[in-house]
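Architecture at a glance
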Amino acid sequence: MKKSIHDRLEQLAERLAELEGLLGAETATHDMESYRRLSREHAELTPVVALFRAWRRASADFSAAEELLADPEMKALAQAEQSAASSAMARLEAELQTALLPQDPNDEKNLFLEIRAGTGGDESALFAADLFRMYARYAERQGWRVEIVSKNESELGGFREIIARIEGQGAYSRLKFESGGHRVQRVPATETQGRIHTSACTVAVLPEAGALAAIDINPAELRIDTFRASGAGGQHINKTDSAVRITHLPSGLVVECQDDRSQHRNRAQAMAVLAARLAAAQEREQQQQIASTRKSLIGSGDRSERIRTYNFPQGRITDHRINLTLYKIDAIMAGELDELVAALTTEHQAELLAELAG
């Protein structure tokens, strides 16, 4: 085990002992807010320190067996004990490294998925629709709920823009690496000479913000317009101004919602999207202030960054951040994203471990 990690674990063990003393004091419950905070910290540290204590026992067993190696009669037993202790130490060290990784506070949140067509005209809009179906099918496999907030359809059935809310356990933790530029190479349905075209879409995955008050949205800084929702007509054509457009004047952010017939629900949904975008902007600003030149896998949400290429003629998908190419484009477009998600998560954890050890 690296010294930096060992020293950190020693500090955590000392802190746990300190917390046990504080929580066991007669005056511990006099300040309930402090008591709850200390209890949460105690609950977080207990499993980590338990793993560390198990690692130390395995290390002690290894050292004890070392002393027996010089005895010919005990050598075989000592070697077996050392082998078992060494295996236990390796397993526990891997578990400890994972347990020490900093947790993303947004991981368990629901999210807003925004997909926008980029270069490529109608073909880009069709690709945006393909991407949305891919994520929707993946969400269905996970048992998550997908709710379309707003969409702007193209003439050929694609989406110039679509925003959806995805609700489910760990939704953000699984899809947070999808933000960025997605490029497609294929022969469009409208291409008469069989030429391969390149188009692009941008994807943004935003964790759903908490209470709106926490985002500090000043009502005086909002312009709220209502209008009739666009639709195909017929007996269900919208005859009232149920669609809502909210403009956040300081930032210039504009959010529209028209998918529900209720103006009240459209307004609430638009406010939720606006809060998520403002929260993401605040987080990016904080990251830029504190950090580093290192570009994390989650990235800044910069939509001009190309993260993945979908090459249909060759049947492959390449994620450029981790140099991973998979020749299973049909399965992935059908929502089988587990292999991609797992690879991105593993690489991200490796980066965090490198920082921890460094």
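This text goes with the structure placed above it.
Okay, so let's go over this structure.

**Quick notes on the overall build of the protein**
Scanning the protein for helices and strands turns up nine helices and 11 strands. Burial statistics for the protein: of 358 residues in total, 40% are counted as buried. Residue pairs at least 24 apart in sequence account for 61% of intrachain contacts in the protein once pairs closer than 6 positions are excluded. Just so you have it, the protein exposes about 19600 Å², and 49% of that area is on carbon and sulfur atoms.

**Looking at helix α3 (residues 75-100)**
Compared with the 38 Å implied by 1.5 Å per residue over 26 residues, the 36 Å span of α3 between its first and last C-alpha is a close match. Among the residues of α3, Ala78, Gln82, Ala85, Ala88, Met89, Leu92, Leu96 and Leu100 are the ones counted as buried.

**Here we look at the packing of aromatic side chains**
Counted according to the given criterion, the structure contains four aromatic pairs. Taking the centre distance of 6.2 Å and the plane angle of 15° together, the rings of Phe52 and Trp55 count as stacked. Residue Phe52 and its partner Trp55 are both found in helix α2 (residues 32-68); the two are separated by three residues, about one turn of the helix. Accessibility classification places Phe52 together with Trp55 in one group, the buried group. For the ring pair Tyr138 and Trp144, a centre distance of 5.7 Å and an interplane angle of 85° mean the geometry is edge-to-face. Residues Tyr138 and Trp144 agree in their burial class; the two are buried. Sitting over the ring of Phe312, Arg186 keeps its end group 5.0 Å from the ring centre.

**Observations regarding the sheet that holds strand β6 (residues 222-227)**
Spatially, three strands are ordered β6-β7-β8 in an open sheet, and the strand pairing comes out antiparallel. Lying at the two open borders of the sheet, with one neighbouring strand each, are β6 and β8 (253-257). Between one strand axis and the next, the sheet turns by 15° as a mean value, whatever way the strands run. Note: strand β7 (residues 243-248) against β8, five bridges, orientation antiparallel. Following the sheet pairing, His248 is matched in β8 by Leu253.

**Description of the packing of helix α1 (residues 3-24) against α3**
At a minimum axis separation of 12 Å, α1 and α3 run at an interaxial angle of 70°. When the interaxial angle is binned, α1 and α3 end up roughly perpendicular. Of the two possible hands of crossing, α1 and α3 adopt the one that is left-handed. For the pair α1 and α3, contact is made by Ile5, Arg8, Leu9 and Leu12 and by Leu96, Gln97 and Leu100, respectively. Its residues assigned to classes, the contact of α1 with α3 shows five nonpolar, one polar and one charged.

**Things to note about unusual backbone geometry**
Of note, the phi angle at Asn323 is positive, near 55°, even though the residue is not glycine. Relative to the assigned elements, Asn323 resides in the loop between β10 (316-319) and β11 (324-326). For Asn323, a relative accessible area of 70% puts it in the exposed group.

**A closer look at the environment of Arg186**
Assignment of secondary structure puts Arg186 in strand β4 (residues 180-186). The spatial distance from the C-alpha of Arg186 to the C-alpha of Pro313 is 6.1 Å, given a sequence separation of 127 residues. If we ignore the near neighbours within four places in the chain, the residues touching Arg186 are Glu123, Leu126, Phe127, Asp130, Arg195, Ile196, His197, Phe312 and Pro313. A distance of 2.8 Å separates the side chain of Arg186 from the side chain of Asp130, its partner in a polar contact.

**Topic: the packing of α1 against α2**
Axis separation between α1 and α2 bottoms out at 8 Å; the angle between their running directions is 135°. With respect to α2, the axis of α1 lies oblique. Every pair of crossing elements has a handedness; the one defined by α1 and α2 is left-handed. In terms of residue class, the contact of α1 with α2 is made up of 14 nonpolar, four polar and six charged.

**A word on the sheet that holds strand β2 (residues 145-153)**
Pairing is mixed across the open sheet formed by eight strands, whose spatial order is β2-β3-β1-β5-β4-β9-β10-β11. Looking at the sheet topology across the chains shown, the edges are occupied by β2 and β11. Going across the sheet, the axis of each strand differs from the next one's by a mean of 15°, ignoring polarity. Helix α4 (residues 121-142) rests against β1 (111-117), β2, β3 (159-167), β4, β5 (197-207) and β9 (306-311) of the sheet, and its axis sits at about 115° to β4.

**A few points about the side chain of Arg316**
Tracing the chain through its elements places Arg316 in strand β10. It turns out Arg316 is buried and unbridged, and the closest side chain with the opposite charge, Asp319, is 12 Å from it. A distance of 2.7 Å separates polar atoms of two side chains, one belonging to Arg316 and the other to Gln314. One polar contact links Arg316 to Thr318, side chain to side chain, over a distance of 3.2 Å.

**Overview of the pairing of β9**
The buried fraction of β9 is high, at five of six residues. Bridge count between β4 and β9: five bridges; the pairing is parallel. Bridge pairing links Arg183 to Thr309 in β9. Where β9 hands over to β10, the hairpin turn is made up of four residues, of which Gly315 adopts a positive phi near 65°.

Rules used throughout
- Residues numbered from 1 in each chain as written.
- Predicted model: local features only at pLDDT ≥ 70, side-chain atom pairs only at ≥ 80, totals over all residues.
- Heavy atoms only, no water.
- Helix = DSSP H or I, 4+ residues; strand = E, 2+ residues; numbered from the N terminus.
- Buried < 20%, exposed > 50% of the residue type's maximum accessible area, 1.4 Å probe, protein only.
- Contact = heavy atoms within 4.5 Å.
- Areas by Shrake-Rupley, 256 points an atom, 1.4 Å probe, with all protein chains shown as cover.
- Expected span 1.5 Å × (residues − 1).
- Phe/Tyr/Trp six-rings, centres within 6.5 Å; stacked < 30°, edge-to-face > 60°.
- Lys NZ or Arg CZ within 6 Å of the ring centre and 35° of its normal.
- Pairing = 2+ DSSP bridges.
- Axes fitted to C-alpha atoms, helices over the stretch in contact; angles between N-to-C directions.
- Parallel < 35°, antiparallel > 145°, perpendicular 65-115°, else oblique.
- Left-handed = near helix turned anticlockwise from the far one by under 90°.
- Nonpolar A, V, L, I, M, F, W, Y, C, P; charged D, E, K, R; others polar.
- Polar contact = N/O pair within 3.5 Å; in protein donor to acceptor, adjacent residues only side chain to side chain.
- Lys, Arg positive; Asp, Glu negative; His and termini not counted.
- Salt bridge = Lys/Arg side-chain N within 4 Å of Asp/Glu carboxyl O.

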